[in-house]
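Structural features, examined
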Amino acid sequence: MGRTGPPGGDEEEAVTALFTDRRDAGRRLARRAGDCLRGGAGEDAVVVGLAPGGVAVAAEVARELAVPLDVVVARPLNAPGNGTPLGALAEEEPPVLDRRVMRGLGLGVEDLEAEVTHQRVELHRLEKLYRDRRPPVPLDGRTVVLVTDGVVHGPVVPAVVHALRGHGPGRLVLAAPVCDARSAEGLRRVVDVLLCLREATYLHAVGPWYADFRDVTDREVAVLLRRQQPAVRGPG
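Keep in mind that this is a model prediction, so the values were computed, not measured.

1. A short note on the pairing of strand 4 (residues 74-78)
Successive side chains on a regular strand alternate, one facing one side of the sheet and the next facing the other. By the bridge criterion, five bridges tie strand 4 to strand 5 (residues 85-90) in an arrangement that is antiparallel. Across the sheet, residue Ala 74 finds its bridge partner in strand 5, namely Ala 90. If you look at the hairpin formed by strand 4 and strand 5, you'll find six residues sitting between the two strands, and Gly 81 has a positive phi there, around 95 degrees.

2. Remarks on the nonpolar core
The nonpolar side chains of soluble globular proteins are, as a tendency, buried together. If you look at the biggest cluster of nonpolar residues, it comprises 49 residues, and the most contacted ones within it are Val 47, Tyr 130 and Val 147. For this core, the leading source of residues is helix 2 (residues 53-65), giving seven residues. Setting aside residues up to four positions removed in sequence, Val 47 forms contacts with Ala 58, Val 61, Ala 62, Val 67, Pro 68, Leu 69, Asp 70, Val 145 and Val 147. Counting residues in each nonpolar core, the second largest holds 27 residues, with Val 46, Val 157, Val 160 and Cys 179 among its members.

3. Quick look at the pattern of salt bridges
Scanning all chains against the criterion turns up 13 salt bridges. Residues Glu 60 and Arg 27 are paired through a salt bridge, measuring 3.7 Å at the closest nitrogen-oxygen approach. Of the two residues, Glu 60 is situated in helix 2 and Arg 27 in helix 1 (residues 22-36); the sequence distance between them amounts to 33 residues. Judged by its relative accessible area of 7%, Glu 60 is buried. Among the salt bridges present, the one from Glu 60 reaches Arg 63, with a minimum N-O distance of 2.8 Å. Taken as a pair, Glu 60 and Arg 63 lie in helix 2 at a separation of three residues, close to a single helical turn.

4. Description of the packing of aromatic side chains
Within the structure shown, the criterion is met by two aromatic pairs. Aromatic pair Phe 19 and Tyr 210: ring centres 5.4 Å apart, planes at 40 degrees, arrangement tilted. One end of the pair, Phe 19, is in the loop between strand 1 (2-4) and helix 1; the other, Tyr 210, is in the loop between strand 9 (193-200) and helix 7 (218-227), with 191 residues separating them in the sequence. Ring centres of Tyr 210 and Phe 213 lie 5.0 Å apart, and the angle between their planes is 35 degrees; on these two criteria the pair is classed as tilted.

5. Considering helix 1
Note: α-helices contain 3.6 residues per turn, so residues at a spacing of three or four share the same orientation. Taking 1.5 Å of rise per residue, the 15 residues of helix 1 would be expected to cover 21 Å, and the 21 Å separating its terminal C-alpha atoms lies within 8% of that figure. Every buried residue belonging to helix 1 is among Arg 22, Asp 24, Ala 25, Gly 26, Leu 29, Ala 30, Ala 33, Gly 34 and Cys 36, and all of these are buried. Tucked inside the fold, the buried residues of helix 1 contact helix 2, strand 7 (143-147), strand 8 (171-180) and strand 9. A side-chain oxygen of the first residue of helix 1 lies 3.2 Å from the backbone nitrogen of Arg 23; this N-cap is Asp 21.

6. Regarding the layout of surface pockets
By volume, the largest pocket amounts to about 920 Å³. Along the walls of the largest pocket sit 39 residues, with Val 152, Gly 154, Pro 155, Val 156 and Val 157 positioned nearest its centre. Secondary structure elements with two or more residues in the lining of the largest pocket: helix 2, strand 4, strand 5, strand 6 (96-97), helix 3 (99-104), helix 4 (113-131), helix 5 (156-165) and helix 6 (181-187). Considering every element that reaches the lining of the largest pocket, the biggest residue donor is strand 4, with five residues. Tallied by class, the residues present in the lining of the largest pocket amount to 23 nonpolar, nine polar and seven charged. Of all the secondary structure elements, the ones that give two or more residues to the lining of the second largest pocket are helix 1, helix 2 and helix 7. Sort the elements by how many residues they give to the lining of the second largest pocket and helix 2 lands first, with four residues. Here the residues of the lining of the second largest pocket sort into five nonpolar, one polar and 10 charged.

What counts and what doesn't
- Residues numbered from 1 in each chain as written.
- Predicted model: local features only at pLDDT ≥ 70, side-chain atom pairs only at ≥ 80, totals over all residues.
- Heavy atoms only, no water.
- Pairing = 2+ DSSP bridges.
- Helix = DSSP H or I, 4+ residues; strand = E, 2+ residues; numbered from the N terminus.
- Core = buried A, V, L, I, M, F, W, Y, C linked by side-chain atoms within 4.5 Å.
- Buried < 20%, exposed > 50% of the residue type's maximum accessible area, 1.4 Å probe, protein only.
- Contact = heavy atoms within 4.5 Å.
- Salt bridge = Lys/Arg side-chain N within 4 Å of Asp/Glu carboxyl O.
- Phe/Tyr/Trp six-rings, centres within 6.5 Å; stacked < 30°, edge-to-face > 60°.
- Expected span 1.5 Å × (residues − 1).
- Polar contact = N/O pair within 3.5 Å; in protein donor to acceptor, adjacent residues only side chain to side chain.
- 1 Å grid on protein atoms, 1.4 Å probe; cavity = no way out; pocket = protein on both sides within 12 Å on 5 of 7 lines; lining within 4 Å.
- Points joined across faces, edges and corners; volume = space filled by probe spheres on them.
- Nonpolar A, V, L, I, M, F, W, Y, C, P; charged D, E, K, R; others polar.

Next up, the structure:
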């Protein structure tokens, strides 16, 4: 994996776009994922896109590999009043919180109850919108390829990994076009395989790595998922 970053510095270096758009990133990622899933490992695979942007990447991966596509939704948790990022929610799992930052702000879990409730409602709303009455694909015992459009330093991807582990996959692969190197180091300890086309030191934003990084709308996510049907599953 390639690494970029300033030697001895703490600022992210100026980058040239590596991917045309999320579809281009997904096609490139599919080639790497295909290599990883050879030898029968991909026969029971399912691709899960982290909404919203990750679904646009994941749709290409699922199409190239001819496997089902599903979605996972995560919501950030921010401090009341100042919006400092404190954690994330995914599925029905308890929130993943940055206790160090919370202590620094003098906040306890009870101070986030309203935020957790609000974001849980929003998470359920988005899941319902994206799936449009389709049940989730079973993950138990399967090879699950979690796809995002990039991994920056923060709690969202770890929260999603934790939630997907709760479904009992036989193998959990995290696939991303670009990853923060610090985050990648930690994530390798909690997934079975990390596929990252480019690791960047001090990655604070994913957008500069794409020539076209326009927002992916909720409607676009729903359409991408519908086009990949049948990806029908019961709870897993």
